[in-house]
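# Structural description and commentary
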Amino acid sequence: MQRVVRSAVIDAPLERVWALLRDFNSHAAWHPAVAESAIEGGGRSDCIGCVRNFRLSDGHRVREQLLVLDDREHMSSYCILDTTLPLRRYVAIQQCKRVTDGEQTFILWQSTFEVPPGQEAEFDALVGEGVYVAGFAALRAWLQQRGGTAQRIAPRAGDVTRRAQALRLHAHGGPEQMRLGDVDVPAPGPGELRLRHTAIGVNYIDVYIRNGEYGAMITLPGVLGMEACGVVAEAGMGVSGFAVGDRVATLTPQPGSYATQRTVSAEQVVKLPAHVSDEAAAVLMLKGITAQYLLHDLGHVGPGTSVLVHAAAGGLGLLVCAWARALGSQVIGTVSTPAKARVASEQGCETVVVSGAQGFAEEVLAATRGRGVDLILDGVGQAARADNMRVLALRGHWVSFGHASGALEAPPPEWLTSKSATLSRPVVFHYTAEPGALQRRANIVFDALRNGLLRLPPITRYPLAAAAQAHADLEARRSVGALVLVP
């Protein structure tokens with residue numbers, strides 16, 4: 001049995017290198033020895049057991065099967081099934097490791113195989129130099145050329161679309177209507193990116209879409225989810241500022257994030273700084289940006305402002321409480337249980353009312369010495385309406401951004417006039433619609449996290465296949481903090 005081992009250091013971060021190498025069919029894009037390649041049956045190229053059938057530039061044919069794909073160890077292994085070369089029992093391993101400074105990647109490529117007697121030196125050079133060393137050089141060049149501008153890998157036969165797993169909603173109704181299955185992910189067109197998700201945010205808007213209240217936002221069967229974190233796997237023509245392997249996050253007005261991969265417009269994607277983890281990004285895109293515009297654009301929160309936050313122990317509620325308190329505001333929150341009250345207090349609530357969404361007016365008025373609050377942040381809706389009207393201060397602003405208890409009946413105009421009050425019904429996507437607005441607002445959120453103005457809420461993790469349980473927990477108010485699906 002012959003063994004060939006080669007290694008190299010690539011001037012690119014581990015995430016970029018691995019995003020390319022974990023794609024079992026990417027070699028046709030960057031390796032000079034490969035003339036054409038396709039995954040047999042048009043299947044996924046990151047699925048254990050898939051087979052790539054390719055032709056070398058010298059005319060030889062090779063069929064290889066993916067045996068191992070380990071994202072934790074950044075390692076893959078494959079074997080040759082059939083080839084016109086006199087190689088037998090060929091098994092190879094590729095493994096990537098982060099170099100200490102984090103900006104380079106060490107790659108080890110090795111294999112064992114058998115060849116006819118007397119041809120050992122020939123195949124040592126063919127595999128070691130013609131495949132491995134030449135591959136390292138080509139990989140360096142490919143990554144360097146795309147360091148500033150990500151370019152699309154030219155489509156190959158059987159590789160125009162990718163296969164991924166997704167939670168598809170088959171009918172409006174309960175959580176049981178979501179089922180895991182395979183879906184096609186189209187190759188990115190001009191201005192688009194294909195992302196491989198690493199963490200996916202769960203939000204109450206997903207529940208509204210699932211139960212049919214916002215049913216027009218999705219075509220059945222369809223995929224829920226508005227925010228996610230991942231890495232760039234492929235880019236369409238004309239995309240600038242992103243490269244394969246970049247850590248990114250997305251917030252989209254179209255559902256579709258409950259999936260292992262997704263193709264989206266590059267305008268709906270932001271780059272992530274190193275201090276923002278994948279799960280943090282999946283929490284902060286929708287909820288963090290919502291907290292940002294609620295406090296800054298609508299609430300104008302600062303020292304002396306009094307803020308009432310409903311559902312203060314939820315993912316958005318905890319983000320708002322911590323940020324408003326850091327800005328100098330008096331923060332009052334409502335929660336449904338004493339356990340949630342403790343969490344809300346730890347995140348910045350000075351006064352916590354354990355009442356759910358009703359019967360909080362007396363305690364809020366007492367906490368503000370009868371004046372009431374300047375800002376109400378209300379994701380509850382109808383159940384809180386009467387007490388909200390009691391506790392809003394003169395010239396106060398009531399922001400209704402959700403209605404978990406039922407659609408809010410608008411207060412009468414004469415009541416608004418009696419307090420010179422204002423009522424807003426904002427939608428986050430209207431605050432990220434202008435070019436560059438998503439990245440600008442995300443940067444404000446990420447900076448607030450780094451500077452300690454914003455604290456992450458507790459995060460409950462569910463496998464992607466358990467999204468139905470996440471929805472059930474969210475609707476039953478069993479959850480505290482933010483919910484994240486992990487593919």
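Residues numbered from 1 in each chain as written. Predicted model: local features only at pLDDT ≥ 70, side-chain atom pairs only at ≥ 80, totals over all residues. Heavy atoms only, no water.

What follows concerns empty space enclosed by the protein. What the rule picks out here adds up to two cavities of 30 Å³ or more. A volume near 140 Å³ is recorded for the largest cavity. Along the walls of the largest cavity sit 15 residues, with Arg22, Asp23, Ser45, Arg194 and Ala233 positioned nearest its centre. Looking at the lining of the largest cavity, the elements that each hand over two or more residues are α1 (14-21), β8 (161-169) and β10 (192-202). Taken together, the residues that form the lining of the largest cavity break down as four nonpolar, three polar and eight charged. (1 Å grid on protein atoms, 1.4 Å probe; cavity = no way out; pocket = protein on both sides within 12 Å on 5 of 7 lines; lining within 4 Å. Points joined across faces, edges and corners; volume = space filled by probe spheres on them. Helix = DSSP H or I, 4+ residues; strand = E, 2+ residues; numbered from the N terminus. Nonpolar A, V, L, I, M, F, W, Y, C, P; charged D, E, K, R; others polar.)

Taken in spatial order, the six strands line up as β18-β17-β16-β19-β20-β21 in an open sheet, and their pairing is parallel. Both outer strands of the open sheet, β18 (351-354) and β21 (422-424), are each paired with one neighbouring strand and no more. Adjacent strand axes in the sheet meet at a mean angle of 15° when their direction is disregarded. The sheet contact formed by strand β17 (residues 330-335) and β18 spans four bridges and is parallel. (Pairing = 2+ DSSP bridges. Axes fitted to C-alpha atoms, helices over the stretch in contact; angles between N-to-C directions.)

In this section: the side chain of His74. Of note, His74 is situated in the loop between β4 (61-70) and β5 (75-83). Not counting chain neighbours up to four residues away, the residues in contact with His74 comprise Leu14, Trp18, Gln94, Gln95 and Cys96. (Contact = heavy atoms within 4.5 Å.)

Let us now look at the sheet that holds strand β3 (residues 51-56). Pairing between sheet strands relies on hydrogen bonds along the backbone, with the strands arranged either parallel or antiparallel. Taken together, the seven strands give an open sheet; going across it, the order is β1-β7-β6-β5-β4-β3-β2, and neighbouring strands pair in antiparallel fashion. Each edge of the open sheet is held by one strand with a lone partner, namely β1 (2-10) and β2 (34-39). Direction aside, the axes of adjacent strands within the sheet are offset by 20° on average. Relative to strand β6 (residues 88-98), β5 runs antiparallel, the two sharing five bridges. Paired with Tyr78 across the bridge in β6 is Ala92. Lying over the sheet, α1 contacts β1, β4, β5, β6 and β7 (105-114), oriented at roughly 155° with respect to β6.

Our next topic: the layout of surface pockets. In this structure, the largest pocket occupies an estimated 1,100 Å³ of space. Forming the boundary of the largest pocket are 48 residues, of which Tyr204, Leu316, Gly379, Phe401 and Gly402 lie nearest the centre. Only α4 (204-211), α5 (278-298), α6 (315-326), β17, α12 (467-475) and β23 (482-486) provide two or more residues apiece to the lining of the largest pocket. Split by residue class, the lining of the largest pocket holds 27 nonpolar, 16 polar and five charged.

The next thing to look at is helix α7 (residues 338-346). Two residues of an α-helix separated by three or four positions point the same way, owing to the 3.6 residues in each turn. For α7, the set of buried residues is Lys340, Ala341, Val343 and Ala344. In a view along the axis of α7, the buried residues occupy a sector of 165°, so they form one face of it. Exposed residues on α7 whose side chains face more than 90 degrees from its buried face are Pro338, Arg342 and Glu346. In this fold, the buried residues of α7 make contact with α6, β17 and β18. (Buried < 20%, exposed > 50% of the residue type's maximum accessible area, 1.4 Å probe, protein only. Arc of directions from axis to C-beta.)

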